[in-house]
Amino acid sequence: MSLSFQQKLTLENGNVVLYHEGKLQSGAVFHVLIIVPGKNVESYFKYIATKENFAVRELESYGKILHCDTGSMDEAEIQDCITSYKS
């Protein structure tokens, strides 16, 4: 699966929230919303830049997956996840 960078939001504590969309081997679209601590951002980008196929759970070694499912998320859904996480 390959991921594309869609959105980056900086949070007050130096973390970033990243939204990616990709395609499963079946061709279905999926998304991942992940919060990555600032100290892991460089390693995270190196990892996703060099891996074409990997299990989404491997991303948890770099940060916390806030949401992962098939289909896409719109801006309001992304904001709802971020707000729920920050609460």
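As a reminder, the structure under discussion sits directly above these lines.
As the structure is a computational prediction, the values presented were derived from the model and not from experiment. (Residues numbered from 1 in each chain as written. Predicted model: local features only at pLDDT ≥ 70, side-chain atom pairs only at ≥ 80, totals over all residues. Heavy atoms only, no water.)

(A) Structural context of the overall build of the protein chain. A tally of helices and strands in the protein chain yields 2 helices and 4 strands. When its helices and strands are written in sequence order, the protein chain yields β-β-β-α-β-α. A buried classification covers 38% of the 87 residues belonging to the protein chain. Pairs at least 24 residues apart make up 48% of the contacts formed inside the protein chain by residues separated by at least 6 positions. (Helix = DSSP H or I, 4+ residues; strand = E, 2+ residues; numbered from the N terminus. Buried < 20%, exposed > 50% of the residue type's maximum accessible area, 1.4 Å probe, protein only. Contact = heavy atoms within 4.5 Å.)

(B) Expanded view of the environment of Ser-61. With respect to the helices, strands and loops of the structure, Ser-61 is situated in the loop between helix H1 (41–50) and strand S4 (64–70). Expressed as a C-alpha distance, the spacing of Ser-61 and Val-36, which sit 25 residues apart in the sequence, is 9.6 Å.

(C) Summary view of the pairing of strand S2 (residues 16–23). Counted residue by residue, S2 has 6 buried out of 8 residues, so it is predominantly covered. Hairpin connection from S2 to strand S3 (residues 29–36): 5 residues lie between these consecutive antiparallel strands, with Gly-27 at a positive phi of about 95°. (Pairing = 2+ DSSP bridges.)

(D) Quick peek at a negative patch on the surface. There is a patch of like negative charges on the surface, built from Asp-74, Glu-75, Glu-77 and Asp-80. By the element assignment, Glu-77 lies in helix H2 (residues 75–86). (Patch = residues over 30% accessible without salt bridge, like charges linked within 9 Å, V, L, I, M, F, W, Y side chains within 5 Å. Areas by Shrake-Rupley, 256 points an atom, 1.4 Å probe, with all protein chains shown as cover. Salt bridge = Lys/Arg side-chain N within 4 Å of Asp/Glu carboxyl O. Lys, Arg positive; Asp, Glu negative; His and termini not counted. Charge placed at Lys NZ, Arg CZ, Asp CG, Glu CD.)

(E) Geometry of the nonpolar core. Counting 15 residues, the largest nonpolar core has Val-32, Ile-34, Val-36, Tyr-44 and Leu-59 as the members making the most contacts within it. Secondary structure elements with two or more residues in this core: S2, S3 and H1. (Core = buried A, V, L, I, M, F, W, Y, C linked by side-chain atoms within 4.5 Å.)

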